[in-house]
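# Summary of the model geometry
Chain by chain, the residues run as shown.
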Amino acid sequence: MAKTYSLKRSSSTPLRIDYAAELNPQQCAAATAAPGPALVIAGAGSGKTRTLTYRVSYLLETGTAPWEILLLTFTNKASREMLERVALISPEADRKIWGGTFHSVGNRILRQHTEAAGYRSGFSIMDREDQGDLMKAVVASSGIDTKGRRFPKAEVVSDVISLALNTGQTIEEVCSFKYPYFLEFADEFDGLRKQYEARKKSINSLDFDDLLEKTCKLLREHEEVADRYRKKFKVVLVDEYQDTNRLQSEFIDLLVRDHHNVMVVGDDAQSIYSWRGADFRNIMEFPNRYPEAKVYKIEQNYRSVPEVLELANAAILGNSQQFEKTLTATRPSMELLPALVELQDGNEQAAFIAQRVLELQDEGIDLREIAVLYRAHYHSMEVQMELTRHGIPFEITSGIRFFEQAHVKDVSAFLKLATNPRDEVAFKRAVRLLPGFGNKTADTLWRWLSEQIDVDSSTDIATLLSEAKVPARGAKHWQQFVYTIEELAPAGNPVRPAEMIKSVIEALYDDHLKVAFTNYTARRDDLQVLMDYAGGYDNTQDFLSQLALQTSLESSEITGPEERDEALTLSSVHQAKGLEWKVVFVIWLTDGMFPGNRSLEDPDALEEERRLFYVAVTRAKDQLYLSHPVLRLNAGYGDMLQRPSRFLGEIPVNLLERWDVE
DNA sequence: TACGTGGCGCTTTTT
DNA sequence: GCGCCACGTA
């Protein structure tokens, strides 16, 4: 047995930062906590990020090296912001800290131990669409009868399997709990799961779940690898802990097994991702799993006026499971109660918002300080149209994400193929773009190609493809295709990703773009953006990882950190988490819309909707408008009367001011 | 086997 | 008002 002996830095050096002066007592206690497990319950707007940032700088100041810190976040954006803020306090440190989403850290570890994890180097990452595509292929080749009876679609099967994995349940449990009507298919689902697993491995591809699951497996089964990271990371910090799922919390537990130096930060009242497998028992039961854990509560709110906070506190009261805490305001009142607005229908609601926004603008409020929040994308349709009519600029943070658009994925399929010749999904996608090549031909070609690769893995893929037999009608295009693949990696040496994109567009994709889509120009511009973005990468594999793991793209990431244009924000509540605006409109607060229809029957789901509502209202700094149309206009089924959201009924009337709109 | 056309169902949230 | 799937035809 070796003994670990660690040298301490001179403790007599005074700290550069006066933590007690920079932070409030609760924040300071958490930021300067002694080593060991810690749970920080930080309410909305209580300076959670600030506390975590100062925690990092405190660790650095007291002798922890930057590379010994692992900072886990939920979104790339959160990670970037945090590291930027750390850099302001402790320059130089940010680049050496391992920070990122669980998925990106998993990817990073798996890339370094690819063989031990059971994969070949250059593995592909599949997004949801790719998963669905592969599952379709698996279902097709499984011989399962999908025509003669109502068998769920591949994507649905995929979802069930994913949920089972992320929650640690069996397929049967997931079915009986969430999809009772699929119970009869449970065995078939399980068979498909095994085939899908095997298929992924043979095509050297990992899906999102694998990035978590295979990383845990690696740490579980390879003691020497686990040991390396346990020694490397002296401290693990986790943001948004309430949204971790079973695999994510296992990952943390595996890493800190020896020293228990883990600080998890979160707010149980803002847990809104259970549908993705998040289990907020992780945060509720943290003190049980780490009995020596210290619990810190941060309850002072710096964001909102007291009127908004009182409403928020009242709104969350309806939930039974939560850590007890009350947000107290530090800001003075502005003598303005949150507004409760009843409207005729969605159009009137939109008109109300447009008019009110123009007034606020006249009062000197910047559009960037205003947001319209909703439960689901489509709730914003009328608002979008109305804003356009009035010429009010707006940005939508939800909707189709940049990297998930068909044309972006089409082009990247070629790059994936050049990096990972075994990538069946990418191969088929690319081939189907050629005129005269459909599903069947792509599949036949793939079978032939994968056999060739198995026989002779040394020959590069372009050479192999040039020997393929293809239907006469597609011969010309096939030649062009092979030539393009060759160009991406001449003699097996990949060129830079930006050049690859250029080649693909010029050789064949530009033609496809013109005939396949009506908005050729817009999509062509997107591809230019993609190319510019790729310019920042030398290595195609890094570029592709980034593409897969970062589904959205902010304009500032391409054009540089210049000022955002003045525009109103339209966002789903999920995507608004962690953000704040002076003025917030929450729309479609009716039963069936918010809370959503499918949560009305299920008490747990309803509690999550309530937390979502809580997240929505706590985004507001100064003004809050809650609106509910009485009528939902529906072309197909006729108009539907809407009851006000039950969440509105739970708020004492004296906390709201009714606006009667005429 | 590829691809165009018409009917149908139906709307969540995302790494 | 829209996207997806099934069907029929070239």
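An account of the accompanying structure is given in this report. All values reported here derive from a predicted model rather than from experimental measurement. The numbering scheme is per chain: residues are counted from 1 as the chain's sequence reads. Chains and ligands are labelled by the order in which they are written, letters from A for the one and numbers from 1 for the other. The model is predicted, so local features are restricted to residues of pLDDT at least 70 and side-chain atom pairs to those at 80 or more, both for listing and for counting; the totals for chains, interfaces and linings are taken over all residues. Each side-chain value is derived from all of the structure's non-hydrogen atoms; neither hydrogens nor water enter the calculation.

## Overview of the overall build of chain A
Keep this limit in mind: Every helix listed is a DSSP run of H or I at least four residues long, and every strand listed is a run of E at least two residues long, numbered separately from the N terminus. Only protein chains enter the area calculation, which uses a 1.4 Å probe; residues under 20% of their type maximum are buried, those over 50% are exposed, and those in between are partly exposed. Contacts: residue pairs with any heavy atoms within 4.5 Å of one another. Here the open area of atoms and residues is found with the Shrake-Rupley method and a 1.4 Å probe, where only the protein chains shown may cover a residue. The charge count treats Lys and Arg as positive and Asp and Glu as negative. His and the chain ends do not count. Lysine's charge is taken at NZ, arginine's at CZ, aspartate's at CG and glutamate's at CD.
For chain A, the helix and strand inventory stands at 29 helices and 18 strands. C-alpha atoms of chain A, sized along the principal axes, occupy 75 × 75 × 55 Å. A burial count over chain A gives 53% of its 662 residues as buried. Considering only contacts within chain A whose residues lie at least 6 apart along the sequence, 78% involve residues at least 24 apart. Carbon and sulfur atoms make up 50% of the accessible area of chain A, which totals about 30,700 Å². Placing the 78 positive and 99 negative side-chain charges of chain A at their respective mean positions leaves the two points 5 Å apart.

## Details of the protein's contact with DNA strand B
Short version of the rule: Definition of nearness: a residue and a molecule or strand are near each other if at least one heavy atom of the residue lies within 4 Å of the molecule or strand. Two N or O atoms form a polar contact when they lie within 3.5 Å of each other; inside protein one atom must be a possible hydrogen donor and the other a possible acceptor, and for residues adjacent in sequence the pair counts only when both atoms belong to side chains. Gly is put with the polar residues, along with every residue not named as nonpolar or charged; the nonpolar set is Ala, Val, Leu, Ile, Met, Phe, Trp, Tyr, Cys and Pro, and the charged set is Asp, Glu, Lys and Arg.
Around DNA strand B lies a shell of 25 residues, among which R375, H377, T441, Q575 and R598 are the nearest. The sugar and phosphate moieties of DNA strand B supply 61% of its atoms located within 4 Å of the protein. In the environment of DNA strand B, a phosphate oxygen lies 2.7 Å from a nitrogen or oxygen atom belonging to the backbone of G438. Those elements giving two or more residues to the surface near DNA strand B turn out to be α20 (439-455) and α27 (573-576). Looking at the surface near DNA strand B element by element, the count peaks at 3 residues for α20. Partitioning the surface near DNA strand B into residue classes produces 8 nonpolar, 11 polar and 6 charged.

## A word on the sheet that holds strand β2 (residues 69-73)
Note the following rule: For two strands to be treated as a pair, DSSP must find no fewer than two bridges joining them. The axes used here are C-alpha line fits, helices contributing only the stretch in contact, and every angle between their N-to-C directions lies in the interval 0 to 180 degrees.
Across the sheet, which stays open at both edges, the 6 strands sit in the order β3-β2-β6-β7-β1-β8 with parallel pairing between neighbours. Strands at the two margins of the open sheet, each flanked by one partner only, are β3 (98-101) and β8 (294-298). Each strand axis lies, on average, 15 degrees off the axis of its neighbour in the sheet, ignoring direction. By the bridge criterion, 4 bridges tie β2 to β3 in an arrangement that is parallel. If you follow T73 over to β3, its bridge partner there is T101.

## Considering the nonpolar core
Just so we agree on the cut-off: Among the buried residues, those of types Ala, Val, Leu, Ile, Met, Phe, Trp, Tyr and Cys that are joined through side-chain atoms within 4.5 Å form a nonpolar core.
In this structure, F414, W478, F481, L530 and F543 are the most contacted members of the largest nonpolar core, which totals 73 residues. The element that contributes the greatest number of residues to this core is helix α23 (residues 497-516), accounting for 9 residues. Apart from the residues within four sequence positions on either side, W478 is in contact with F427, V431, L434, F437, L445, L465, A468 and V470. Core analysis: the next-biggest nonpolar cluster, separate from the first, contains 43 residues, L72, V236, Y241 and V262 among them.

## Overview of unusual backbone geometry
Here the residue pair F594 and P595 is connected by a cis peptide bond, since its omega of 10 degrees sits within 30 degrees of zero. Here P595 lies in the loop between β15 (581-586) and α28 (603-617). One non-glycine residue, E240, lies in the positive phi region at around 55 degrees. Within the secondary structure layout, E240 lies in the loop between β6 (235-238) and α12 (246-255). Assessed through its relative accessible area of 13%, E240 is described here as buried. Positive phi, close to 60 degrees, is recorded for E335, a residue that is not glycine. Examined against the element boundaries, E335 turns out to sit in the loop between β10 (328-329) and β11 (339-345).

By themselves, these are just geometric observations and shouldn't be taken as functional.
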